[in-house]
Amino acid sequence: MKRQSSTPSRHLAVLDSDTFRQFVPLIMLGLLVILVSVLSPEFLSAQTLVVLASDTAVLFVLAAGVTFVIMLGGIDLSIQAIAALCSVIAALALSKWQLGYMSFVLGLLAGLAAGILNGIVHTRVRIPSFIATLASSGVWVGTALFISNGGNVPIAIHDSNYVQWAIGRTLGIPNEVFIGGIILIFSFIVQRYTSFGRYSTAIGAGEAATWASGVSVNRYKVIAFAISGAMAGLAGVMLAARQSAGSARSADGFLLLAIATVIVGGTAITGGVGSVTRTIIGALIVSVVRIGMTFVGVDIFAQQIVFGIMLVLAVAVTIDRSKIPIVK
């Protein structure tokens, strides 16, 4: 009888722990906003909040894509390189090839193609996603350097009208914010209401069991990498529009930020737990920390130290240790 009575309390404790863990990122975001606003009251000004939302948009688009891969228990370390390559392709297509709005579509398709190739190498050649995407990132950066002759590809002033979809404003709100909102809605629908979203969670929670149930795991992995590549491509063309140029270094620094965004938001690096709605919270946390440290006067080089510590702590909190009994 004692054993039976202790079981419900044990389940309740686990449920309370899981529920609390889900709200940790939201609580962290609230505390960070309060802390930064106390140290620097102008942080809550309308102008600063608009800048915060605009900066968060590109980071969120990049992080939303890699969320799909991490949910499977994989990783995509090539998103920064894909974004850079797509920024170069979009700038070249606009300024030299005179393709107009199709330039940005071409950049997006290049990201999609790169993502599909990543997925095929990972699943067909059976190379761990860490190695496959780390190696491919060198290919994408090298390609960007080659087609740009190692420099920037500026977007001509007479082509500036074509980039207003990304850097312009609608009703006083930066268009980047609307783009981020569209990506959020799209990602939420895909994760919540499609078989891909449901199977992604199942694969991340237990790939062997999902294989045994007859699910084509490799197919869904390729789709996840394709989405990650396409969103990296979108982030790349947005960066090209913002910077008025494409460059192999246009997305430098975004890889760590994007991975930190996903993990800090509460998506487990081991897969099976998380969502893109958590990623938007993580993106806001990272942006508040970035802009907040600037307001407070933290050295820009010290900011990388802060993000590294944040990533380690986030992984320590979200990781499912039952999947890795031996840490190597």
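An account of the accompanying structure is given in this report. Please read all numbers here as calculations on a predicted model, not as lab measurements.

## Observations concerning the packing of aromatic side chains
- Scanning the entire structure with this criterion turns up seven aromatic pairs.
- Here Tyr-199 and Tyr-220 contribute two aromatic rings whose centre-to-centre distance is 5.1 Å and whose plane-to-plane angle is 45°, an arrangement assigned as tilted. Of the two residues, Tyr-199 sits in helix α8 (residues 195–205) while Tyr-220 sits in helix α10 (residues 217–243), which places them 21 residues apart along the sequence.
- On the accessibility criterion, Tyr-199 (33% relative accessible area) is partly exposed.
- For Tyr-220, a relative accessible area of 8% corresponds to the buried category.
- Among the aromatic residues, those joined into a ring-pair cluster are Phe-68, Phe-196, Tyr-199 and Tyr-220.
- Here the basic side chain of Arg-219 rests over the ring of Tyr-220, its NZ or CZ set 5.6 Å away from the ring centre.

## So, helix α5 (residues 129–147)
- Over its 19 residues, α5 extends 26 Å from the first C-alpha to the last, a length consistent with the 27 Å expected when each residue adds 1.5 Å.
- The complete set of buried residues in α5 reads Ser-129, Ala-132, Thr-133, Ser-136, Ser-137, Trp-140 and Ala-144. Buried residues in α5, looked at end-on, bunch into an arc of 135°, giving them a common side. Exposed side chains of α5 directed beyond 90 degrees from the buried face belong to Ala-135 and Phe-146.
- Close packing links the buried residues of α5 with α3 (79–95), α4 (102–124) and α10.
- Following α5 by one or two positions, Asn-149 has its phi on the positive side, about 60°.

## With respect to helix α2 (residues 46–71)
- For α2, with 26 residues, the first-to-last C-alpha span of 35 Å sits near the 38 Å given by 1.5 Å per residue.
- Ala-57 marks the point of greatest bend in α2, at about 25°.
- A large share of α2 lies buried, amounting to 19 of its 26 residues.

## Here we look at the environment of Ser-45
- Mapped onto the elements of the fold, Ser-45 is located in the loop between α1 (2–39) and α2.
- Spatially, the C-alpha atom of Ser-45 lies 35 Å from that of Ile-70, the residues being 25 residues apart in sequence.

## So, unusual backbone geometry
- Positive phi values are uncommon outside glycine, yet Gln-98 reaches one of about 55°.
- Summarising the element assignment, Gln-98 is placed in the loop between α3 and α4.

## Some points on the nonpolar core
- Of all hydrophobic cores here, the largest spans 82 residues; its most connected members are Leu-62 and Ile-285.
- With 13 residues, the top contributor of residues to this core is α10.

## Here we look at the pattern of salt bridges
- Taken as a whole and judged by the stated rule, the model has four salt bridges.
- Here Asp-55 makes a salt bridge to Arg-242, at a shortest N to O gap of 3.5 Å. Taken as a pair, Asp-55 in helix α2 and Arg-242 in helix α10 lie far apart in primary sequence, 187 residues in all.
- Here Asp-55 falls in the partly exposed class, since its relative accessible area comes to 25%.
- Of the residues examined, Arg-242 reaches a relative accessible area of 32% and is grouped as partly exposed.
- Ionic pairing is found between Glu-207 and Lys-221, a salt bridge with its closest N-O pair at 3.0 Å. Within this pair, whereas Glu-207 is found in helix α9 (residues 207–212), its partner Lys-221 is found in helix α10, the two being separated by 14 residues in sequence.
- Among the charged side chains, a salt-bridge network with shared partners connects Asp-55, Glu-176 and Arg-242.

## Digging into the side chain of Ser-228
- Looking at the secondary structure, you find Ser-228 in helix α10.
- Side-chain polar atoms of Ser-228 contact the side chain of Asp-76, separated by 2.9 Å.
- In this view, Ser-228 contacts Gly-65, Val-66, Val-69, Asp-76 and Ile-79; residues no more than four positions away in its chain are not counted.

## Section: the packing of α8 against α10
- For the pair α8 and α10, the least separation of the axes is 10 Å and the interaxial angle reads 110°. Regarding the angle of α8 to α10, the classification is roughly perpendicular. Residues Ser-195, Phe-196, Tyr-199 and Ile-203 of α8 lie in contact with α10, whose contacting residues are Val-217, Tyr-220, Ile-223, Ala-224 and Ile-227.
- Considering only residue class, the contact of α8 with α10 consists of eight nonpolar, one polar and no charged.

The rules behind each value
Residues numbered from 1 in each chain as written. Predicted model: local features only at pLDDT ≥ 70, side-chain atom pairs only at ≥ 80, totals over all residues. Heavy atoms only, no water. Phe/Tyr/Trp six-rings, centres within 6.5 Å; stacked < 30°, edge-to-face > 60°. Helix = DSSP H or I, 4+ residues; strand = E, 2+ residues; numbered from the N terminus. Buried < 20%, exposed > 50% of the residue type's maximum accessible area, 1.4 Å probe, protein only. Lys NZ or Arg CZ within 6 Å of the ring centre and 35° of its normal. Expected span 1.5 Å × (residues − 1). Arc of directions from axis to C-beta. Contact = heavy atoms within 4.5 Å. Bend = angle between axes of the 7 residues up to and from the residue. Core = buried A, V, L, I, M, F, W, Y, C linked by side-chain atoms within 4.5 Å. Salt bridge = Lys/Arg side-chain N within 4 Å of Asp/Glu carboxyl O. Polar contact = N/O pair within 3.5 Å; in protein donor to acceptor, adjacent residues only side chain to side chain. Axes fitted to C-alpha atoms, helices over the stretch in contact; angles between N-to-C directions. Parallel < 35°, antiparallel > 145°, perpendicular 65-115°, else oblique. Nonpolar A, V, L, I, M, F, W, Y, C, P; charged D, E, K, R; others polar.

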